[in-house]
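Residue-level listing of the chains:
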Amino acid sequence: MYQIYMKTETSFDHKKLIGEFNDIDKAYEKIEAELAKDKDFKYVIEETTGSVDIYGELIVDTVEEN
């Protein structure tokens, strides 16, 4: 599963979830649509496999970030 987060400067977490996709191509389509609306759109794409670490937290790999 791919998750797209919008980077923010004002929120506590500094990123806001804007979509979850099973296909990376669909994730890139969403990013292209957001970039068409706002050229300064900053994002992070993370991939999760459902695996968790010893603390029970989801293991996440960053695919792309701008």
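Notes on the structure in this doc start here.

### Some words on the packing of aromatic side chains
- Summed over all chains, the structure comprises 1 aromatic pair.
- Judged by centre distance (5.9 Å) and plane angle (20°), the rings of Phe41 and Tyr43 are stacked. Taken as a pair, Phe41 and Tyr43 share a single burial class, namely buried.
- Between the NZ or CZ atom of Lys15 and the centre of the ring of Tyr5, over which it lies, the distance is 4.5 Å.

### Digging into the side chain of Thr48
- The topology assignment puts Thr48 in strand β3 (residues 43-52).
- Non-local contacts of Thr48, meaning those with residues more than four positions away in its chain, are made with Met1, Gln3, Leu58, Ile59 and Val60.

### As for the sheet that holds β3
- Within the open sheet, the 4 strands sit side by side as β2-β1-β3-β4. Their pairing is antiparallel. The two strands at the open ends of the sheet, each matched to only one other strand, are β2 (15-21) and β4 (58-65). The average undirected angle you get between the axes of adjacent strands in this sheet is 30°.
- Here strand β1 (residues 2-7) runs beside β3; their pairing, made up of 5 bridges, is antiparallel. Looking across to β3, one finds that Met6 is bridged to Tyr43.

Basis of the calculations
- Residues numbered from 1 in each chain as written.
- Predicted model: local features only at pLDDT ≥ 70, side-chain atom pairs only at ≥ 80, totals over all residues.
- Heavy atoms only, no water.
- Phe/Tyr/Trp six-rings, centres within 6.5 Å; stacked < 30°, edge-to-face > 60°.
- Buried < 20%, exposed > 50% of the residue type's maximum accessible area, 1.4 Å probe, protein only.
- Lys NZ or Arg CZ within 6 Å of the ring centre and 35° of its normal.
- Helix = DSSP H or I, 4+ residues; strand = E, 2+ residues; numbered from the N terminus.
- Contact = heavy atoms within 4.5 Å.
- Pairing = 2+ DSSP bridges.
- Axes fitted to C-alpha atoms, helices over the stretch in contact; angles between N-to-C directions.

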